[in-house]
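These are the residues of each chain, in order.
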Amino acid sequence: MSFHPPMEYAPARFHKSARPLPEAGGEFAFTPENQAKFDENVKRYPPDQRKSAILYALYLAQGRQGYLTAAAMRHVAQQIGCTAAEVEDVVSYYTMFFTKPVGKYVINVCRTLSCALRGAERVTEELRAKLGIAPGETDADGMFTLIEVECLGACDCAPVVMVNDDWHEHLTPERVSQFIDDVRARGRAALTGCHLRKEKNGHEQLTVDS
Amino acid sequence: METVTLTIDGRQVTVAKGRTLLQAAIEAGISVPYYCYHPGISIDGSCRVCIVKIEKMPKLQTSCSTVCADGMVVHTRDAEVIAARAGVFEFLLVNHPLDCPVCDKGGECPLQDFSYTFGPAESRMDFPRRVFDGEGVKGDVDFGPTLMLNRQRCILCTRCVRFMKEVEGDAQIGIVDRGYGSEIATFEERGVHSLLSGNLMDICPVGAILTRDYRFKSRPWDNPGVVDTMCTLCSKGCSTSAWLKARPEWAKGTQLIRMTPRFNPEVNNYWMCDIGRFTYHWVEGDTRLRRPMVRRGSALEPAAWHDVEPPLRGRLQEAGSTDPSSVRFLVSAHASTEELFVLKQLVRGLLGSDGLSAVTIAWTRSNKPQSAAAKFKVPATDAPNVNGARDLGYRVGPGTDGLPDLLPLRDAVEAGRVKAVYVLDPGPDGSLGDVSWLGPARRSGALGLLVVQGVVMNELAAAADFVLPGATYVEKDAIYTNDQGRVQAASRAIGLPGEAREDWDILASLARSLGLAMPYESSHDVRRALAASMPGTAYAQADTLVFTRPVPARNWLQASNPSERWKWDFLYQDLPPVKGYSVQTEGMPPEAVFIPLKPVGVRS
Ligand code: SF4
Ligand code: SF4
Ligand code: FES
Ligand code: FES
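Predicted model, so just to flag it, every value in this text is computed and none were measured.

Draft legend 1. Geometry of the overall build of chain A. The secondary structure content of chain A amounts to seven helices and six strands. Tracing chain A from N to C terminus, the helices and strands come up as α-α-α-α-β-α-α-β-β-β-α-β-β. Within chain A, buried positions represent 32% of all 210 residues. Of all intrachain contacts in chain A linking residues separated by at least 6 positions in sequence, the fraction that spans at least 24 positions is 59%.

If you want it as structure tokens, here you go:
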């Protein structure tokens, strides 16, 4: 690639990193609709701040297969005009981007202070027991993924669990079992708690149901 | 220039407007520690060790990211600052391995130095450290063809990230994950592929990024001297430091152990390229010429200088007896200006005023792949002195913008119109370009005499009748003119191998044996004559250029801190690198200095 002197132990991979790498993935490119959406979105930012569109681009890319492969990150880098390393920075920073397949419902349990004080750990324990998976894992039938995350910004209703894009509040270990059964049976519509919910038309509005 | 005046530690300090507090403190010689700040890259404010107290501000501020304002009153040695700073240092060491004895940076490590100087006196860490990549040395991973990365040691200052983004122009390094799990990484662990990768070792303030070339080869206390010199491997002419390692007692002397860049705002800033940094092994390699050699029959045999000169003179005189211009010179642009000056006098003396037309100057160009956004560009021309040759009146064709034309010489040699070729090449092997036609021409008899004054044994030297061992760029005091036209000095760092001599000296004694006057006893004499002969040019001061010698440093730290050497040299002269002693607390009562350590939890 560039000039480099022959080094004594260059040919041998001397020490390989144990860092988990994103899956290589097959060829990746935005679908025409996604490309159009991206092109529209990127117009919001001044040309020298194109990078601001990176989160949007990653959501579009993740929407395709539910997680991001190295090929997808490279495609996003190309769209944004930055390097793949910078994209990986962003992907690895946010808990809402995944680099391996996740379940249909991603259960994010808040473990930060307010929730921890109100028993988030016990909620996690219940979920572990009920689903039979540890945080960071996906269950066998690909239904649930459990992760622990930092503050979800709803401390007043601690402990908080976010399932995909919806918040569920005031959870107690006792309610967790019911909660999972409801999701299994009726999907997101069955979820309870006061939370922000995305309506069909894409606008967010605060709905309270009990 | 607009200035602002502020008070730091009771001292009035006046600096240019827009400078930060840290820069002002450095300029004033007030020591404030820093890791993420580096003068060559942008400000980040992530390491927090540079905190100071500013009056009227509610909290301690990071001095690297606070711009000076008129009338600011700043304290860097306040008890509150000392305690808070010690706290930051304690945090930086929470996960840092106790690797110093096996870490290449040990002894020249800002993390060691600053932790000793500003950190708490003892450790409270009795819990396991976070480790990446398994236990122990497995933290060392490949980081591209030239580097190794040890994530355990990284303090996440992001200097490397910013360097790649801003100077290299290709952000190959990033920080993956977040918070406690953050680590320095490249996409898919591909490592850093850059012509500037070696600089990452310099800027990394800990032993996290190391060059494979220097890894485990030497320790700071083995390097007794360092010489300020310059790189001559391309037409840029970066200022560098040549590091010398003491040989074992039985071998005596020193050995070149690494090259690092030296701050020069006009040429290379704080950086140098990997070519200049790593291409020094050939200087002390096995192919170096150490003794003069003469062809006897089919073999080249070593001979003493006094046995070489008479036959050489005889053969040259014979070759030039009918037509002096049938003796030609093929000179590499690695030749220093002194050598070119002596050569000019030699050919003028022998051939008259158009003597320079007998000399062909040769150099090579190579493609140096760099990103378009790179701030530090490595020029294509691989020789340091094309401009020096031009200024002395040699014909250099397109100069540093193109390639020399060796064709006329080749045609003349192959047509048998040339009786003798004298090659002068003090550069690394291959610096004359394609001269593969010259050896066969001599062997076939088309050329009657081939003299090679060079430094490495190669195909060309093997075909020669006389081989004269010269000196490489680190073995002589010499001046070169870079592509900006700056006349720069390269100092002698190591001694000449075997019986090799400086090239100007070989040329001068040859000229003397041919009956020309060469009143020079040292390269300095040559520079003086050069300066006198070119008044009104950049060369008029050639004899006042400064050459440095390996100075045993005043202390081991000063000698051996490549990344921060500019700091000890220019800025931090008041910060004694003496462990356990701190200017920060000098003259303060012990109780003001004492940083009480609170026990963590209750232990039995
Ligand atoms: S590897 Fe070195 S330069 Fe890079 S962030 Fe870590 S400590 Fe800083
Ligand atoms: S840019 Fe040229 S002068 Fe500078 S270090 Fe590289 S080869 Fe040497
Ligand atoms: S701490 Fe759980 S939402 Fe803030
Ligand atoms: S040097 Fe100021 S925060 Fe790092």
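Draft legend 2. Main features of the site of ligand 1. The environment of ligand 1 is made up of 14 residues, and the closest members are Cys154(B), Cys157(B), Cys160(B), Cys204(B) and Ala208(B). Residues of the shell around ligand 1, tallied by class, amount to twelve nonpolar, one polar and one charged.

Draft legend 3. Molecular detail of the pairing of strand β18 (residues 420-425) of chain B. Residue and element names in this part refer to chain B. Among the six residues of β18, six are classified as buried, and the element is accordingly described as predominantly covered. Here β18 shows a buried face lined by Ala-420, Tyr-422 and Leu-424 and a second buried face lined by Val-421, Val-423 and Asp-425. Sheet topology places strand β16 (residues 327-332) next to β18; five bridges connect them, and they run parallel. Residue Phe-329 lies in a different strand from β18, and its bridge partner there is Tyr-422. In this sheet, strand β19 (residues 449-454) lies alongside β18 in parallel orientation, the contact comprising six bridges. Looking at β19, one finds that Val-423 is bridged to Val-452. Considered for its hand, the β-α-β crossover made up of β18, helix α11 (residues 438-444) and β19 is right-handed.

Draft legend 4. Structural view of the pairing of strand β22 (residues 487-490) of chain B. All names here are of chain B. Burial along β22 is two-sided: the face carrying Val-487 and Ala-489 and the face carrying Gln-488 and Ala-490 are both buried. Across four bridges, the pairing between strand β21 (residues 478-481) and β22 is antiparallel. By the bridge assignment, Ile-479 is partnered in β22 with Ala-489. Hairpin remark: β21 followed by β22, antiparallel, with five residues in the connecting loop; positive phi at Gly-485, about 85°.

Draft legend 5. A look at unusual backbone geometry. The omega torsion of the bond from Ala158(A) to Pro159(A) falls at -10°, within 30 degrees of zero and hence cis. In this model, Arg48(B) sits at a positive phi of 70°, which is unusual for a non-glycine residue. For Arg48(B), a count of 19 C-beta atoms within 10 Å translates into the label partly exposed. The phi dihedral of Phe216(B) falls on the positive side, at around 60°, and the residue is not glycine. Turning to its location among the elements, Phe216(B) is positioned in the loop between β10 (209-211) and β11 (225-230).

Draft legend 6. Local environment of the site of ligand 2. Taken together, Cys231(B), Leu233(B), Cys234(B), Lys236(B), Gly237(B), Cys238(B), Asn268(B), Met272(B), Cys273(B), Ile275(B), Gly276(B) and Val378(B) make up all the residues around ligand 2. In terms of residue class, the shell around ligand 2 is made up of eight nonpolar, three polar and one charged.

Draft legend 7. Main features of the sheet that holds strand β12 (residues 239-246) of chain B. Residues and elements named next belong to chain B. In spatial order, the strands read β11-β12-β13; together these three strands make up an open sheet with antiparallel pairing. At either margin of the open sheet sits one strand with a lone partner, and together these are β11 and β13 (254-261). With direction set aside, neighbouring strand axes in the sheet form an average angle of 30°.

Draft legend 8. Focus on the nonpolar core. Val76(A), Cys160(B), Ile209(B), Leu343(B) and Val421(B) are the most contacted members of the largest nonpolar core, which totals 183 residues. Ignoring any residue separated from it by four or fewer positions in sequence, one finds Cys160(B) in contact with Ile173(B), Ile184(B), Leu200(B), Ile203(B), Cys204(B) and Ile209(B). Counting residues in hydrophobic clusters, the runner-up holds 25 residues, among them Cys115(A), Leu127(A), Leu146(A) and Leu171(A).

Draft legend 9. Quick peek at the sheet that holds strand β2 (residues 144-149) of chain A. All names here are of chain A. On the basis of which strands lie adjacent, the open sheet formed by four strands has the order β2-β1-β3-β4 and mixed pairing. Here the strands that pair on one side only, and so sit at the sheet edges, are β2 and β4 (166-168). For this sheet, the mean inter-axis angle between neighbouring strands, taken without regard to orientation, is 25°. Where strand β1 (residues 105-110) and β2 come together, six bridges link them in parallel fashion. Within β2, the residue paired with Tyr-105 across the bridge is Phe-144. On the sheet, helix α6 (residues 120-131) packs against β1, β2 and β3 (161-163) and is oriented at approximately 150° with respect to β1.

Reading the values: the criteria
Residues numbered from 1 in each chain as written. Chains lettered and ligands numbered in written order. Predicted model: local features only at pLDDT ≥ 70, side-chain atom pairs only at ≥ 80, totals over all residues. Helix = DSSP H or I, 4+ residues; strand = E, 2+ residues; numbered from the N terminus. Buried ≥ 20, exposed ≤ 12 C-beta atoms within 10 Å, placed from the backbone. Contact = placed C-beta atoms within 7 Å. Near = placed C-beta within 6 Å. Nonpolar A, V, L, I, M, F, W, Y, C, P; charged D, E, K, R; others polar. Pairing = 2+ DSSP bridges. Right-handed = clockwise from strand over helix to strand, strands pointing away. Axes fitted to C-alpha atoms, helices over the stretch in contact; angles between N-to-C directions. Core = buried A, V, L, I, M, F, W, Y, C linked by C-beta atoms within 7 Å.

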